[in-house]
Amino acid sequence: MNDLILNEFKENAIFRLEESLRMINIAFSKIDEKLLWKSPTEKGMALGNQILHSCGNITQYIISSLGDRVDQRDRELEFSTIGSITIKELLAKLDKTIKEAQKTIQNTSVSDYQKVREVQGFNLSGVGCVLHSIEHFSYHTGQIAFWVKLQTNKNLCFYDGIDLTKKNH
């Protein structure tokens, strides 16, 4: 992997994490504590659990695996926690997790991006770990946006001020 491609990968990975964090902050500004732990269905995940689960995944795949740190994830707790954490606390936890993941992505060497490791039973390179985690976080960001829109009937305006009708050059 050459340095130009690796740097581009790192910049885009860091941007994608930041973009999902931005969208989640906007979505959470539209809700109150009551909606935070309300599940959309019997088998669904409340917004609070979506954040805990996203933090767990990012920590396991990027911070622990890519960063070569001990994996201490308690995945079941991400789904079973209900009502004991506030919006402010959850967003602070997510922000801290994202910042640590971004630092890990930035500081990882070429050889560590190429190294294959086992995460949740999958054999992934460092690139694979980052791609998995960003895709996973993006997926849950979309679920959060949908659930907030459904419950509040509000447009989240993620791209206010940006002309999304511009054509490619």
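Residues numbered from 1 in each chain as written. Predicted model: local features only at pLDDT ≥ 70, side-chain atom pairs only at ≥ 80, totals over all residues. Heavy atoms only, no water.

### Here's the deal with the packing of aromatic side chains
Going through the model one piece at a time under the given rule, you end up with 1 aromatic pair. Here phenylalanine 9 and tyrosine 113 contribute two aromatic rings whose centre-to-centre distance is 5.7 Å and whose plane-to-plane angle is 85°, an arrangement assigned as edge-to-face. One end of the pair, phenylalanine 9, is in helix α1 (residues 3-28); the other, tyrosine 113, is in helix α6 (residues 110-114), and 104 residues separate them in sequence. No difference in accessibility class separates phenylalanine 9 from tyrosine 113, as the two residues are buried. One residue, arginine 22, lies across the ring of tyrosine 159, its end atom 5.5 Å from the ring centre. (Phe/Tyr/Trp six-rings, centres within 6.5 Å; stacked < 30°, edge-to-face > 60°. Helix = DSSP H or I, 4+ residues; strand = E, 2+ residues; numbered from the N terminus. Buried < 20%, exposed > 50% of the residue type's maximum accessible area, 1.4 Å probe, protein only. Lys NZ or Arg CZ within 6 Å of the ring centre and 35° of its normal.)

### Quick word on a nonpolar patch on the surface
Together, Tyr159, Ile162 and Leu164 give the surface a local cluster of nonpolar side chains, amounting to about 310 Å² of exposed area. With respect to the helices, strands and loops of the structure, tyrosine 159 is situated in the segment after α7 (126-152). Note on tyrosine 159: relative accessible area 34%, which makes it partly exposed. (Patch = residues over 30% accessible without salt bridge, like charges linked within 9 Å, V, L, I, M, F, W, Y side chains within 5 Å. Areas by Shrake-Rupley, 256 points an atom, 1.4 Å probe, with all protein chains shown as cover. Salt bridge = Lys/Arg side-chain N within 4 Å of Asp/Glu carboxyl O.)

### Brief notes about helix α5 (residues 87-107)
Compared with the 30 Å implied by 1.5 Å per residue over 21 residues, the 30 Å span of α5 between its first and last C-alpha is a close match. Along its buried surface, α5 packs onto α1, α2 (33-36), α3 (47-66), α6 and α7. (Expected span 1.5 Å × (residues − 1). Contact = heavy atoms within 4.5 Å.)

### Some thoughts on the pattern of salt bridges
Following the criterion strictly, the structure yields 5 salt bridges and no others. Salt-bridge contacts for glutamate 19 lead to arginine 22; the nearest nitrogen and oxygen are separated by 2.9 Å. In this pair, glutamate 19 and arginine 22 are both assigned in helix α1, 3 residues apart and thus about one turn of the helix distant. Judged by its relative accessible area of 11%, glutamate 19 falls in the buried class. Residue classification places arginine 22 among the partly exposed residues on the basis of a relative accessible area of 29%. A salt bridge links arginine 69 to glutamate 100; the shortest N-O distance between them is 2.8 Å. Here arginine 69 is found in the loop between α3 and α4 (75-80), whereas its partner glutamate 100 is found in helix α5, with 31 residues between them in sequence. Members of the salt-bridge network, linked through shared partners, are Arg69, Glu100 and Lys103.

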